[in-house]
Amino acid sequence: MAVAVVVPIVLLTASPWWLLLALVGVLAAWMAFTRIGRQSWSVTQVGIATIPQRLGSSSVVVVGIAGVVGVLVALLAMGAGFAATLQETGTDDTVIVMRAGAQTEINSVVDHDTAVLVTQAPQVLKNAQGRPIASPELVVVAALAKKSTGLDANVEVRGVGERAWDLRPNLKIIAGRKFKPGLRELLVGKGAVGQFKDLDVGSTLKLNGQVWTIVGAFDSGDAHNSELWGDTDVVGSTYRRGSSTTSIILRLTEAGAFDALKATLASDPRIKVDVSTTRDYYNKQSENLAQIIRVLGTTVGTIMAIGAIFGALNTMYAAVAARAREIATLRAIGFRGLPVIVSVLLETMLLAILGGALGAALAWAIFDNYTASTLGANFSQVVFAFNVSPALLWSGLKWALAIGFIGGLFPAVRAARLPVTVGLREL
Amino acid sequence: MKYFHLIWSALFRRKTRTVFTLLSVLAAFLLFGLLDSVRTAFANAGGSVAGVDRLITVSKVSFTMALPKSLLPRIEAVPGIAQVSYANWFGGIYQDPKNFFPNEAVAENFLDLYPEWSLSDAERTAFKGTRTGAVVGATLARKFNWKLGDKIPLQATIFPQKDGSNTWTFDLVGIFHAKDPKLEGQENVLFFNWSYFDEASRFRNGSVGWYATKLSDRGRADQVAQAIDRLSADSDHETKTQSEQAFTAALVSQFADIGLIVGAIMGAVFFTLVLLTGNTMAQAVRERVPELAVLKTIGFSNKSVLGLVLSESVLLLVLGGVIGLAVAGVVVGIVRVKLGATVPLARVGGPIWLRGLALMVVIGFIVGVLPAIRGMRLRIVDALSGR
């Protein structure tokens, strides 16, 4: 009994790929070089050779486990994709400054005087012209119709300063051109274009009663892809924010200068701000939802796995019953119990691996890079792509192996324990 | 019904197999119950019957933008309106950002527009009479163990006070309940007085987040909504007015397409389930070919044999499914008691049971039909001789 609990748990949690590989190696060596191992190998071959005769019931194991692994991998890929999108947005050497207590940019207000004081801190990197690399940014929200539902959803409009481009070197213009400072021109993120209607380059958009022209599209590969970018001052005048902004993004002279910057700003009684590296800021935003999706995925996966285990048990008990006479004959001519157990277990786990691979492949084919969006911290849509990574595929396979192990162990033990005399009299 | 005993004993002819299949069915319907409960919770958020005669007016740009309070008398003058109230999102945090719950600054008459929440007259008066007073939903009060008279400090994230302090302290003067258990999810809110907010806040003075309007005639909702939006057409604060359900539905749909996710998972689960129970039924009929032949020999018609096998598979599904849904009901109940109505889980009630039972019967029929036809078409001579 204990084996049935311990081994799958080890399989699921503690086994890196090299450990499993080593185990497979040991098993292969055992089968090749010991007498009992060779017996196991030949019994296993017979079992596997008879699978085509039991195609219907064997496919129950394969499809059942494929379902579990497919759903599990797809759900976890959703969480991983969301977390990756936000985490890639932040770096250790750029810093976001907001009003104390604001938590997110949309809640924050930074007035002009504060912005000037913050950018003058000695830890802010200066460019070749001796100007600090900092961007006063203004995050506001506009309601636009989504392509998928036709319903209004919030899109984030980010006003950026002229040095915003130096702060996001990953960002590439993929169509049109950058907006001109001082004009009502917008640059749209690749993700936003995919999710919202009427954001093509050249079209116009009404924001707070004023007409804006979309002059280009960009791809940054991170959360900024969900945003529309314009000039901070122009966005500010459209939304009547005066000279205030919602955050200051700046580049540090070096990644280690963060603590010094924090201390400098904290010691200045004229300003009340919260400072964090952009990596921290975006990581924090991803935590909650990623956690919820992880819990949801594992719960759904576990319940489905329980169903699949009983399906596998049924199939393997039936398989063992169908082969009872054959197994009893083997035992009668001197085969021991262990080869029988090993063969049934290996057969189930082979089916399980097939199922796991099928489910993982389906999840990958359907969901890798599938784009979706959800409401993010700034009360606006964050567009992200499902990320079916090799690590997720691997953990799906481990689930499959664990299910196969439990589903095969009990029938295997029963096959080995069935008295020879009873077995020989079976149908 | 007279064959029930026969069907029952056929079902448990192979106990282990039937029990394992039942457990698989149970797991599938446990999952169905939980997921449908989540789906229902989100659907209820957008479609409660209680809000049919209310309109919500927000800024056309986005609901994060404020509207001037000066709109109030002009909206009140629109014909077809019984009462107008307003509120402002506050977004305060209690102790830790993880404790998130909605908190809003509301006008004096705000609660009058929501007859589905019950608050005693004494508490209602106390709320109006206490500058720093606050009322909370029962679920929220239970969660944090708040009692009347408690002081509740909230950390402002958007609105610091005039002196720059982020801490707002409120006096709990009332606890309200939702009359309809479906709306329990809405008991998770804290309201305080808009007048206090307006006086103490550093930003957004003299403006409100949204207007809530009660119609005198719900048949004229569209005209009234258009009339309200016309008030501010071409101004710098254009509005968008829609029914409360439409507003909430749009808000909920921004989180994710819950229906699509739940549907996809359930599709995978039930596809597997059909295959699994179908295999069990096929095995069961294959084993019993001689017995079915005997039944036919002693006079059972083809139709009765078809009926017997079909009933057996439907019984299998219903038995496992009912237990599964019952377990889901218990689990949801426990989670709701432990975490309060804040988790998006609806009670496993009538509608979920109806959908579940329909699924059980349909799936039972699908998996039973092929083996049943096989049983029906058996030729007695062949079957008895084991050919």
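Residues numbered from 1 in each chain as written. Chains lettered and ligands numbered in written order. Predicted model: local features only at pLDDT ≥ 70, side-chain atom pairs only at ≥ 80, totals over all residues.

Time to look at the overall build of chain B. For chain B, the helix and strand inventory stands at 13 helices and 12 strands. At 29 Å, chain B has a C-alpha radius of gyration far larger than the 21 Å of a compact globule built from 387 residues. Each principal axis of the C-alpha atoms in chain B carries an extent, and together these give about 95 × 45 × 35 Å. The 387 residues of chain B split such that 42% are buried. (Helix = DSSP H or I, 4+ residues; strand = E, 2+ residues; numbered from the N terminus. Rg over C-alpha atoms; globule rule 2.2 N^0.38 Å. Buried ≥ 20, exposed ≤ 12 C-beta atoms within 10 Å, placed from the backbone.)

Once that is clear, we can look at the domain arrangement of chain A. All names here are of chain A. Under the domain assignment, chain A is made up of domain 1 (2–87 + 286–425) and domain 2 (101–271). One C-alpha centre belongs to domain 1, the other to domain 2; they are set 48 Å apart. Taken together, the contacts link 11 residues of domain 1 with 17 residues of domain 2. When residues of the side of domain 1 that touches domain 2 are traced back to their parent elements, those giving at least two are helix H4 (55–89), strand S11 (371–375) and strand S12 (381–385). Residue contributions to the side of domain 1 that touches domain 2 peak at 3 residues, all from S12. Class assignment for the residues of the side of domain 1 that touches domain 2 results in 5 nonpolar, 6 polar and no charged. (Domains from an automatic or database assignment. Contact = placed C-beta atoms within 7 Å. Nonpolar A, V, L, I, M, F, W, Y, C, P; charged D, E, K, R; others polar.)

Bringing the nonpolar core into the picture now. It is characteristic of soluble globular proteins that their nonpolar side chains tend to be buried jointly. Ranked by internal contacts, the top residues of the largest apolar core, which has 185 residues, are A:Val73, A:Ala77, A:Ile403 and B:Leu31. Here this core takes 21 residues from helix H10 (residues 278–322) of chain A, the largest share from any one element. Among all residues touching A:Ile403, those that are not within four sequence positions of it are A:Ile65, A:Val68, A:Ala305, A:Ala308, A:Ile309, A:Ala312 and A:Ala352. (Core = buried A, V, L, I, M, F, W, Y, C linked by C-beta atoms within 7 Å.)

This part covers the environment of A:Val211. Residue and element names in this part refer to chain A. Structurally, Val 211 is set in strand S7 (residues 210–219). Judged by the 9 C-beta atoms lying within 10 Å of it, Val 211 falls in the exposed class. Considered as a pair, Val 211 and Thr 238 are 27 residues apart in the sequence and their alpha carbons are 9.8 Å apart. The residues touching Val 211, leaving out its near neighbours within four places in the chain, are Arg 184, Thr 204 and Lys 206.

Moving on: the interface of chain A and chain B. If you look at the interface, chain A gives 42 residues, while chain B gives 40 residues. Of all the secondary-structure elements, those providing two or more residues to the side of chain A that touches chain B are H4, strand S2 (134–145), strand S3 (152–160), H10 and S11 of chain A. Counted by class, the side of chain A that touches chain B contains 23 nonpolar, 17 polar and 2 charged residues.

With that out of the way, let us pick up the pairing of strand S7 (residues 151–155) of chain B. Residues and elements named next belong to chain B. In S7, alternate side chains face the same way, and those of Ile 152 and Leu 154 are buried while those of Lys 151, Pro 153 and Gln 155 on the opposite face are not. Bridging between S7 and strand S8 (residues 167–178) involves 5 bridges; their strand directions are antiparallel. Within S8, the position partnered with Lys 151 by the bridge is Asp 171. (Pairing = 2+ DSSP bridges.)

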